[in-house]
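Understanding the architecture of this molecule
Each chain, written out:
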Amino acid sequence: MEHKETPTEGLHYYAHRSLSSTLHVLLIEWTLHQFRETPEEMGRLAYQMTSSMRSLL
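Residues numbered from 1 in each chain as written. Predicted model: local features only at pLDDT ≥ 70, side-chain atom pairs only at ≥ 80, totals over all residues. Heavy atoms only, no water.

So, the packing of aromatic side chains
Inclusion rule: Note on ring pairs: Phe, Tyr and Trp rings are taken, using the six-membered ring of Trp, and paired if centres are within 6.5 Å. Classes follow the plane angle, with under 30 degrees stacked, over 60 edge-to-face and the rest tilted. Partly exposed residues are those whose accessible area sits between 20% and 50% of the maximum for their type, while under 20% is buried and over 50% is exposed, using a 1.4 Å probe and protein chains only. Only when the NZ of Lys or the CZ of Arg is both within 6 Å of the ring centre and within 35 degrees of the ring normal is a charge said to sit over the ring.
This structure, assessed with the given rule, holds one aromatic pair. Ring centres 5.0 Å apart and planes at 85 degrees place the aromatic pair Trp30 and Phe35 in the edge-to-face group. For Phe35, a relative accessible area of 48% translates into the label partly exposed. One Lys or Arg, Arg54, reaches over the ring of Tyr47 and ends 4.1 Å from the middle of that ring.

Notes on the confidence of the model for the chain
Here is the rule we go by: Known as pLDDT, the predictor's per-residue confidence is scaled from 0 to 100. Note on conventions: DSSP H or I runs of at least 4 residues are helices, E runs of at least 2 residues are strands, and numbering of each starts at the N terminus.
Summing up the model confidence of the chain, the mean pLDDT is 88 and the portion of residues at 70 or higher is 98%. Per-element confidence in the chain is highest for helix α2 (residues 39–49), whose mean pLDDT is 93, and lowest for helix α3 (residues 51–54), whose mean pLDDT is 83.

As for unusual backbone geometry
Its identity as a non-glycine residue notwithstanding, Gln34 has a phi of 55 degrees, on the positive side. For Gln34, a relative accessible area of 66% corresponds to the exposed category. Not every positive phi belongs to a glycine, and Phe35 is a case in point at roughly 60 degrees.

Section: the environment of Met53
Counted only if it meets this: Any two residues whose heavy atoms approach within 4.5 Å at even a single point are treated as in contact.
Following the sequence through the fold, Met53 ends up in helix α3. A residue is classified by how much of its surface remains accessible, and Met53, at 15% relative accessible area, is buried. Considered as a pair, Met53 and His3 are 50 residues apart in the sequence and their alpha carbons are 25 Å apart. The residues touching Met53, leaving out its near neighbours within four places in the chain, are Ala15, Ser18, Leu19 and Thr22.

What to know about helix α1 (residues 7–32)
Every α-helix carries 3.6 residues per turn, so stepping three or four residues along brings you back to the same face. Stated precisely, the cut-off is as follows: Between the first and last residue of a helix there are one fewer steps than residues, each counted as 1.5 Å, and that sum is the expected span.
Given a rise of 1.5 Å per residue, 26 residues ought to cover 38 Å, and the 37 Å separating the end C-alpha atoms of α1 matches this to within 8%. Inspection of α1 places Ala15, Ser18, Leu19, Thr22, Leu26 and Trp30 among the buried residues, and these make up the whole buried set. Against the buried residues of α1 lie α2 and α3. One or two residues past the end of α1 sits Gln34, with phi positive at roughly 55 degrees.

What follows is the structure, encoded as structure tokens:
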């Protein structure tokens, strides 16, 4: 029998992929800017940008 994905499973998958992608881009940007921001500033930015994604995980 084939497993059908529930809407919640789809949202969870999308949120996980979006979270990973966002964090990856932030790390690349931070590196390209030669780490001008402190780790705390980057942590706050990542926390703010990913709050909606994390609520689905």
